[in-house]
Amino acid sequence: MGRKLAESLKTLLNETFEGPGNGGSYYTDSKPNTGIFGTLEGLNAEDASLSIHGSTIAAHADHTRYYLWVVRTMISGVEFEKDWNASWTISQVDETKWAEIKEGLQTEYHSLLVEIDTIDLEEWLTNVNAIIAHSAYHLGALRQMIKELESEK
């Protein structure tokens with residue numbers, strides 16, 4: 001059961017971040033590039049810095065990265081203070097910072113996939129499920145922000 005559960009979680013994380021595979025979709029569009037990484041692909045720093053509904057695409061992306069980091073750090077047993085407000089402070093980014101945010105998000109995601117195979121899923125299942133739900137929420141927000149951005153151009 002543990003192996004099957006781990007694979008199920010990784011399948012949903014994969015769809016959230018990388019998009020659905022060739023076997024169809026569980027909850028996103030079944031077209032290519034509908035996960036977080038594909039959604040952010042091709043956006044430049046200027047677009048990622050525009051305030052849309054009071055926030056920026058860069059802030060959503062970095063907040064999602066921070067959430068992954070927080071849960072992974074909790075799983076590792078390290079005590080620390082969470083600063084959710086700081087995770088929303090990004091407004092203007094240049095191309096270097098924008099690339100760092102996207103790279104950091106990918107790093108946290110790939111680290112989590114590896115850790116799912118090593119952690120006690122019974123103990124951390126709610127947290128991993130929360131990552132899926134939280135990230136899927138931000139995927140939807142990002143896609144809506146991009147629609148707004150495209151309608152303004």
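Residues numbered from 1 in each chain as written. Predicted model: local features only at pLDDT ≥ 70, side-chain atom pairs only at ≥ 80, totals over all residues. Heavy atoms only, no water.

Asks: Summarise the overall build of the protein; cite the residues concerned and give the values.
Replies: Looking only at helices and strands, the protein features six helices and zero strands. In the protein, the succession of helices and strands from N to C terminus is α-α-α-α-α-α. Since a compact globule built from 153 residues should have a radius of gyration of about 15 Å, the 16 Å found for the protein is in line with a globular shape. By its C-alpha atoms, the protein is 50 × 40 × 25 Å across when sized along the principal axes. Of all 153 residues assigned to the protein, the portion counted as buried reaches 45%. Contacts in the protein between residues at least 24 apart in sequence constitute 71% of all its contacts with a sequence separation of at least 6. (Helix = DSSP H or I, 4+ residues; strand = E, 2+ residues; numbered from the N terminus. Rg over C-alpha atoms; globule rule 2.2 N^0.38 Å. Buried < 20%, exposed > 50% of the residue type's maximum accessible area, 1.4 Å probe, protein only. Contact = heavy atoms within 4.5 Å.)

Asks: Before we move on, could you go through the side chain of Thr16 and cite the residues and values that matter?
Replies: Tracing the sequence through the fold places Thr16 in helix 1 (residues 2-17). In this view, Thr16 contacts Tyr27, Gly35, Ile36, Ile132, Ser135, Ala136 and Leu139; residues no more than four positions away in its chain are not counted.

Asks: Before we move on, can you summarise the pattern of salt bridges with the specific residues and values?
Replies: Counted under the stated rule, the structure contains nine salt bridges. Measuring nitrogen to oxygen at the nearest pair gives 2.8 Å for the salt bridge that ties Glu7 to Arg3. Note that Glu7 and Arg3 are positioned in helix 1 at a spacing of four residues, about one turn of the helix. The partly exposed category is assigned to Glu7, whose relative accessible area is 34%. Residue Lys10 pairs with Asp117 through a salt bridge whose shortest N-O separation is 2.9 Å. Here Lys10, found in helix 1, pairs with Asp117, found in the loop between helix 5 (95-116) and helix 6 (121-152); they are 107 residues apart in sequence, far enough to count as distant. On the accessibility criterion, Lys10 (16% relative accessible area) is buried. (Salt bridge = Lys/Arg side-chain N within 4 Å of Asp/Glu carboxyl O.)

Asks: Describe the environment of Thr73, naming the residues involved and giving the relevant values.
Replies: Looking at the secondary structure, you find Thr73 in helix 4 (residues 57-76). Discounting residues that sit within four places of it in the chain, Thr73 has contacts with Val78 and Phe80.

None of this, on its own, says anything about what the molecule does.
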